[in-house]
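Chain residues, written in single-letter form:
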Amino acid sequence: MFKKKECVAMLLAGGQGSRLYALTAKTAKPAVTFGGKYRIIDFTLSNCVHSGIDTVGVLTQYQPLALNEYIGTGLPWDLDRNLGGVRILPPYQAKKGADWYRGTANAIYQNLPFIERYNAEYVLVLSGDHIYRMDYAKMLAAHKKSGAACTVAVIEVPIEEASRFGIMTTDEENRIVKFTEKPKHPDSTKASMGIYIFTRDVLTKYLKADAVDPKSENDFGKNIIPTMLAAGEIMMAYPFSGYWKDVGTIDSLWQANMDILGKEPVLPLYDDEWRILSRHENAPPQYIGEDAVVENASITEGCEILGTVRNSVLGENVRVMAGALVEDAVLMGDTYVGAGAVVRYAVIDRGVRIEANATVGKPKTEAAGITVIGEGVCVAAGETVADGAIVYDEEKEEAK
């Protein structure tokens, strides 16, 4: 057994991310590009480092190669440690063969040996697909002070959106008295953020019982949290009031990218006291041509802008040729927009070519939805990709 760690983080990064369609056809959702120079998982890993948590297990399953390569040794996040650091944890290979993670709780259950290896007293369970800054050390301090078996981070949401979340009702001391997963008729606006701190011994007991229950879906929100609450365990809510967004849909991912724009952005990415760390490759400075127009846009290193870019986020090495227009769009990187091409209200994955005079999407005020172009696709010269369409490789599928 290694030297004891007070708290070990377990980062769930194995979901398929099917609601991101073409963007996750080849890549795990936490590895999707965000804000031009980051990946979604950068936010959670950075939070861990700034919170003093230096032992992180990343539980992967679906399309893990890009994510594994991106995390590497953990050096960009100061998680390349001999004792602790970041560790990739695929589904566990037992004597009877490999067993896919059957749910969030089962994923942690299969990796109990990792937690026990560090003799951790507390376990922080995180999701790898949320955009936010949060000091987990403060949440851990509140958990320890309360003597709770579990503390759940919560955020206030509009009542009309509450049915999308696990909803908690609390007393005046923030003790959870009721929990309902995605209620049809919510009676509270305190939504679970998918961030939990458990006292390890209690978590282990409930995970082991859940693993042998044939009726369980092996999920924290559907099974573990309700079972612990029904058993009378002390369950506390930890209120959070900062920026937080689940970027599990195309609309939410697009909006979160837009939130970084402007003189006073809703989501300021540049904070010296809480930097978002990333494995960002060095690129030459961006070049903005004399006749180019750039308005309310984030332009990453390596870009060449000769046309017009408005209200958009461009990753590294994006080329926008003369006469081209990019508006209300997210271009994730290594993308070419040919002369005279128009890209509006769209999310464009990496390595895409949009040839001369092609049209992608419609103006935001007229579009049926966001147009999505998957990795490596080439839109031919003069071709039109409809608003709301989703393009996988060379095949196009209308958004449902």
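Look above for the structure.
Residues numbered from 1 in each chain as written. Predicted model: local features only at pLDDT ≥ 70, side-chain atom pairs only at ≥ 80, totals over all residues. Heavy atoms only, no water.

Draft legend 1. Summary view of the sheet that holds strand β29 (residues 378-379). Reading across the sheet, the six strands line up as β16-β19-β22-β24-β26-β29 and stay open at both edges, with parallel pairing between neighbours. Bordering the open sheet on either side are β16 (287-288) and β29, each of which pairs with just one other strand. Direction of pairing for strand β26 (residues 353-354) relative to β29: parallel, over a ladder of two bridges. Bridge pairing in β29 links I354 to V379. (Pairing = 2+ DSSP bridges. Helix = DSSP H or I, 4+ residues; strand = E, 2+ residues; numbered from the N terminus.)

Draft legend 2. Quick peek at the state of the cysteines. Tallied over the full model, the rule gives zero disulfides. Free cysteine C48: the closest other cysteine sulfur is in C7, separated by 8.5 Å. Take C150: it sits in no disulfide, and the sulfur closest to it among the cysteines is that of C7, at 12 Å. (Disulfide = S-S within 2.5 Å.)

Draft legend 3. Looking closely at the side chain of K5. Structurally, the position occupied by K5 is in the segment before β1 (7-12). Residue K5 is classed as buried on the basis of its relative accessible area, which comes to 13%. Here the side chain of K5 touches D54 through a polar contact of 3.1 Å, side chain to side chain. (Buried < 20%, exposed > 50% of the residue type's maximum accessible area, 1.4 Å probe, protein only. Polar contact = N/O pair within 3.5 Å; in protein donor to acceptor, adjacent residues only side chain to side chain.)

Draft legend 4. Inspection of the pairing of strand β11 (residues 166-170) at higher detail. A large share of β11 lies buried, amounting to four of its five residues. By the bridge criterion, five bridges tie β11 to strand β12 (residues 176-181) in an arrangement that is antiparallel. Bridge pairing in β12 links G166 to E181. What sits between β11 and β12 in their antiparallel hairpin is a turn of five residues, with N174 showing a positive phi close to 70°. Pairing analysis gives two bridges linking β11 to strand β13 (residues 190-199), with the strands arranged antiparallel.

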